[in-house]
Every structure is written in C-alpha cells, then in structure tokens.
Amino acid sequence: MSFEGLPAKATGKKMTFLESIYLVEIVRGLGVTISHLVKNIFATEAMPTMQYPEEKRVYSDRFRGRHHLMQREDGTPRCVACQMCSTYCPADCITIEGAEHPDPSIEKYPASFEIDLLRCVFCGLCEEACPCDAIRLDTGIYEIAADDRAKFVVDKEFLLHNKSDGTR
Amino acid sequence: MAKLTIDGKEIEVPDGTSLFDACREARGEPLPHFCYHPDLSIAGVCRLCQVEVEGMPKLTIACNTGVRDGMVVSTRNERVTQAAQQILEMHLINHPVDCPICDQAGECGLQNQYMKYGLYDSEVEIADKVNKAKAQVIGPHVILDKERCVLCSRCVRFCDEVTGTSEMGIFNRGNRAEIGTAPGVELDNNYSLNTVDICPVGALTSRDFRFQKRVWMLKAANSICPGCATGCNVRLDHEAGRLYRIKPRYNPDVNGRWMCDRGRMLYKAVHDENRLLDPARGGQTLRWAELDTDLLAGDGGLFVTSAHQSLEEMFLLKKLAAGGTVCGGLAGSDTGDSDELLLNADHTPNRQGLGLLDLPEMNGAALAEAISGTTGPVVVHGGNPAGEDVVAAALRGHGRTVYIGSHDNETAQACNLVLPGAVWAEKAGIFANRDGRLQAFSQSVARAGSSREDWRILAELAGGEVPGSLRAVREELAEALDLTEVNLNKLPARGLAPVGATSGGED
C-alpha cells in the first residue's frame, strides 16, 4: 500500500518551550472541563445525557423492537403457520408447530409459536418473509430482561398480547 | 432406431419412443408437464409439453407424439416457451395460491414450473376465481383440495390402471370441472398415498403428514421398507432425529415407483412409546456398563433369531451360538394380508435371509420344547415368539433368558435380561427380499434412548470373537454365503439379484 503525497517518514512539529513543559496545556484542558461543568449546572436542558429510565430516547417508527403477533378480528393469531419466517430466520430462533384449525376457511394455525429472544438478532427478516403480515417487530420494546434463560423463550400467548406500550 | 434433431442436437432413440422421452434425453431435463407420468397411460390434457416440429403447422404435445426418423424439433424457441407460459397461466387462473398453508409447497409442480417457465404477472382478481370445496377428506389417508387441482388426471389414471379400483374421476365441465371420488365411494385402497405422490400440485395431500412439517426442512435417507418380504425401496424423510414420512424410491426390479400405505405408516413404530430404551434385568433398569453376561456362561444353549433381523445380525447370532442350537424364529409368524401389487403375505423383511444362512424356523410347540430342553442360555433376538403362550411359558420356566429387541412385548416380559436394540431406521444392514435380492439400508435417525445397534450387542455378548466393525462382519458374511465376488459393503443401487434372476425395466 502506498500513500501518495505523504512524506515517507512522519515528521512531528517541534514543540515550543511552553508546550514541552505541559503545564500550560493541562491548565487549558482543565478550562474546557470546567466550562462544561458550569454549563451543565446552569443549563441542564442542553446536556446530552438522559435520565434513563425516567427519561427515554425517542426512536424512529421503523425501529425493530420485540416481536408481536398480529391478531385477527376475533383475537386469534393471523399467522397460518407457513413457517416462512422460521425458514428465513438467520438466527434460527423461531419454532412453529402447525395444526388443523376448526374453521375450514382458515385450515391451518400455529398450535405453538415460540421465539427465543436471546437468539434473535432483530434483523426483521421474519416480517419481510411473512405472507400474512402476522409478525411485526413494531412494539418498540428494547428493554428485554429476565432472570432466567427460559423466560426469554416467549410463546404464542405472550406474542399475541405483546402491546407496544410495554404492558402485556 | 430413429434419428432426430432436437434443439439442433442429433440423437438416436429406439422406434416407438415418445417424443417426450426423446426430448428429455436431448435436453437433459424433462419438458414442462403435469399429466405425463412414465408409469401411466398418456392423457395429453395439460398441454404443457408442446414443442415445435418442423413440417407441422401447429405446436404439438410431445407426450402423445411418437418419434419419426428425420424429425426436427425445437423445445426452447420463443413460440414454444410462450405457449408453455400461457398454458401455465391458464392452469393457474382458478388456483387459490394458498401456498402458505399447502403441504405440497416446496415440492410442487406449479411452484417449480412457474419459477421456471411462468414468471408472468397474474391478471386474475382473487375475487373472480372459481371457488371449490377445500380440505375434503376422501379416504383414510388422503385429503382433497379441489381448488388446487389442475385436472391432470394422474390420480384417476392411477386408480384405473395400477390399482384397478377406479375410485376417482373428473366431474362437471369447464371451469367447474373438478376431481372427486365416485358417489358413495372412498379412496380406500392400500395404495392411495401414491396418488398424493404423483399429484403434481397440492390437490391430494396426506392426512397423516398434514401440517407436520414443511417439506424443505426434511432430510432424506435411502432405506428399504421392513413391512413385508417385497422390500420396497424407500426414502425416509426425517428432521431432528424424527421420521415424518416414508416415500417410495424408484427401483424397477422391486417396486417401480410405488409402495403401499401400510408400509408408509411403519415410521410410527420408530417413535413408539413402547420402545425398549434401557437394558433391564428382572425388571430393574441397568446401565450398559453394569451389564453382566453371566447368564450366557456355559456351553450349548438355544439361539433364536427372527425374520425381522438383518443378514449380518442373523450371521452374528449364529456365530455367537457356536456349539448351541440356532433357530430362525417362529414359523409362520407375522403373516397377513397380501395383494397382487406389492404387499406380500409374509410381513417380515428378511425371511429369505433365514434360508440363506440355513436357520430353520420352528413352530410354537417345538420351540417351547427346545427352550425347556436346553440347559444352556436362551437368547432371543427380535421378533415375538412369546406371542404364543407355550413359548412364553417355556421362557418363564427357563432361568437364563436374554431378549434383544426394539419394542416391549410378551417376549421382553418373559425374559430375564432385556437388551434394547435398534429399529431398522436406526441401524445399517442387509435384507434379502422375497426373490432373495440383497438390499442394503443405512441409518437415518439417531437411536432412541440408550439402545444400541444389534450387531454391536451381539459382538459384545460374543466377547471379542467377532469382528469389530460392520464392514468386517459383512466381509465374513460374504465368505459364509459363498459370495466371494461380491462386495456386501457396496451393493448395487437396485440390490443384488440372486443368481439367475433377470433384471427388468429401464433406469
């Protein structure tokens, strides 16, 4: 690799006497720090830090949060268990079992629908793949915490009532 | 022989060949088609395989045209591809395109051919499509969706020509034409699931496999059906250690392209709750490491195999027997229904193997007497001889009995030591079918519980006097069977025909 136009050897600027004793530069640096400190004490609104969790950042509407299964009008899942999402999923985190629906016009529904949130990479390919618009990552929920690995495997009931306001 | 030019390529085929087959040979892939099937009569109803023949004003369907010397045929020019595209569009006019809930998706003729020859934008509104009955149960194994049908009539011809039962037919005309069973008739024959195989779309699907798995997730393993002496060549579709279905595999010398419904359901036994999972002695579960073979001590003894075991296992049991008596199991066990097509009355896969290894079968009384008469150990390998009460009583009366088997049954109950063996899908082996044809099968799924391959169990019981690999067992077996010029480790794909048998059919 060659760097055209650059000298073959780096040549530093020779420091002046004041620079070489560092003391002046330390005082200048402290000046910057103290000016920020003063600004943050007297103008808190201008401070970039947020008071999380009381205060939360506003994300784009397209932010991909925790998944949510869409419901039909009668509250049953819109999903027909075609398993396009689990086929497409690069993290292999979706497990679906299909079964015969009592309504012959629907035919197939997911008897179980599980997502392992620890495996999920929130890429959104599942909602791309879904032919029924049954799975969305539109809840905006990114605070996904639990005290047990098993609790990260969420089931159909959880996903169906997984509201965007964070309540269940 | 006829010489013809297809897409500028000259080929020579025997007289009487159909143009469809000639085109397949020249192109290396078949023409688009739905109704053509090599084992059924020509219907010529789907009109997809149209080709341009020089001298003919219109396009002609290749399946119903014979080859002629000097024919010049185009299968890939614009006129032909456009015709295929338009015909396909017509087939799809009333198709519901419900691929997400269709079990055929992934192995569907419509999907594949649309991606290959279609790729047009549909001009039909969903609301304008003709609706027909969906999810109709038409028999014990088959479910019908009339909307998905493209009226290729393969199932109708199968029931007319192969089974001769004629349950299916096409009713009504025009866009109301639909496939169905004759009034008051169910599609209830032992070969009904073959209609599911040959259905190019999702109109006929299996009730047993319905919604179990999407087909692209399944892995296939070649095997041999253990259901009867015919030994149909099959494909086991499995995923994550579980079998989901059995499909026939083409072998013109044995089963052609078909297999029976009874054989297809045998995968269920692999995941049966009744499986023996751990070694047990007197009802107490053991670990393999704790196994004490003191029961086998002493000379003589009686060693009973069964026609369900592979040739290698029979051979090893015979070796294990050494000075003792060897018996091929209960005479006449596991016999039942048969038909003229494939199902044999002998419902064991390897009774010919008993003959090859000279293991005589005994009837219940004789076997019971032999058990009571021996002072040595009694080893029963597979089968269920204690299904007969006299044998069960004799086994209970004898103190040193060992059963090696895959499922819990009367014999397992009657024996002191029970060792869990593998079922056919969990091990490799060779069966000799009703004609004595040797066919190899290999392992497709992991063994249940702590069960072991039977040959390993037998090798362990024999204690170092037998070879340590199945490969070596087969080499010894070949020697014992006097098959010196045959490599049992690499049997031909169609199986090894017994000397003097003729091979039939094309590849």
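Novice: Pulling in residues and values, what's your account of the overall build of chain A?
Specialist: Along its length, chain A carries five helices and five strands. Listed N to C, the secondary structure of chain A is α-α-β-α-β-β-α-β-β-α in terms of helices and strands. For 168 residues, the compact-globule estimate of 2.2 N^0.38 gives 15 Å, and chain A exceeds it by more than 25% at 27 Å. With respect to the principal axes defined by its C-alpha atoms, chain A has extents near 90 × 50 × 30 Å. Looking at the 168 residues of chain A, the share that counts as buried comes to 18%. Taking contacts inside chain A between residues at least 6 apart in sequence as the whole, the part at least 24 apart equals 68%.

Novice: With reference to specific residues and values, describe the packing of helix H8 (residues 311-321) of chain B against helix H13 (residues 454-462) of chain B.
Specialist: To describe two helices that pack against each other, one gives the angle between their axes and the distance between the axes. Residues and elements named next belong to chain B. Running from amino to carboxyl end, H8 crosses H13 at an angle of 10 degrees, the nearest separation of the two axes being 9 Å. With respect to H13, the element H8 is oriented roughly parallel. Taken together, the residues of H13 that come into contact with H8 (itself represented by Glu312, Glu313, Leu316, Leu317, Lys319 and Leu320) are Asp454, Trp455, Leu458, Ala459, Leu461 and Ala462. Here the residues of the contact of H8 with H13 are counted per class, giving eight nonpolar, no polar and four charged.

Novice: I'd like a description of the interface of chain A and chain B, backed by residues and values.
Specialist: At the junction of the two partners, chain A supplies 13 residues and chain B supplies seven residues. Of all elements in the fold, only helix H3 (84-88) and strand E2 (94-100) of chain A reach the threshold of two or more residues within the side of chain A that touches chain B. Considering every element that reaches the side of chain A that touches chain B, the biggest residue donor is E2 of chain A, with three residues. Across the side of chain A that touches chain B, the residue classes break down as seven nonpolar, three polar and three charged.

Novice: An account of the sheet that holds strand E3 (residues 108-116) of chain A is needed here, citing residue identities and associated values.
Specialist: A sheet is described by the order of its strands in space; here three strands give the open sequence E2-E3-E5 (chain A), paired in antiparallel fashion. Every other strand in the sheet has two partners, leaving E2 and strand E5 (153-154) of chain A as the edge strands with one partner each.

Novice: Give me the lowdown on helix H3 (residues 109-118) of chain B, citing residues and values where you can.
Specialist: Residues and elements named next belong to chain B. Looking at H3, one finds that the buried residues are Gly109, Leu110, Gln113, Tyr114 and Gly118. End-on view of H3: buried residues confined to an arc of 120 degrees, all on one side of the axis. Facing away from the buried side of H3 by over 90 degrees, the exposed positions are Met115 and Lys116. Where H3 is buried, its residues contact helix H2 (78-91). Phi turns positive one or two residues past the end of H3, at Leu119, with a value near 55 degrees.

Novice: A description of the sheet that holds strand E11 (residues 219-224) of chain B should follow, citing residues and the corresponding values.
Specialist: Residues and elements named next belong to chain B. The strand order across the open sheet formed by three strands is E11-E12-E13, and the pairing between neighbours is antiparallel. A single partner strand is all that each edge strand has here, and the edge strands are E11 and strand E13 (242-248). When the angles between neighbouring strand axes are averaged without regard to direction, this sheet yields 30 degrees. Two strands pair when backbone bridges link them, and E11 and strand E12 (residues 233-239) are joined in this way by six bridges, in the antiparallel orientation. Paired with Asn222 across the bridge in E12 is Arg235.

Rules of the game
- Residues numbered from 1 in each chain as written.
- Chains lettered and ligands numbered in written order.
- Predicted model: local features only at pLDDT ≥ 70, side-chain atom pairs only at ≥ 80, totals over all residues.
- Helix = DSSP H or I, 4+ residues; strand = E, 2+ residues; numbered from the N terminus.
- Rg over C-alpha atoms; globule rule 2.2 N^0.38 Å.
- Buried ≥ 20, exposed ≤ 12 C-beta atoms within 10 Å, placed from the backbone.
- Contact = placed C-beta atoms within 7 Å.
- Axes fitted to C-alpha atoms, helices over the stretch in contact; angles between N-to-C directions.
- Parallel < 35°, antiparallel > 145°, perpendicular 65-115°, else oblique.
- Nonpolar A, V, L, I, M, F, W, Y, C, P; charged D, E, K, R; others polar.
- Pairing = 2+ DSSP bridges.
- Arc of directions from axis to C-beta.

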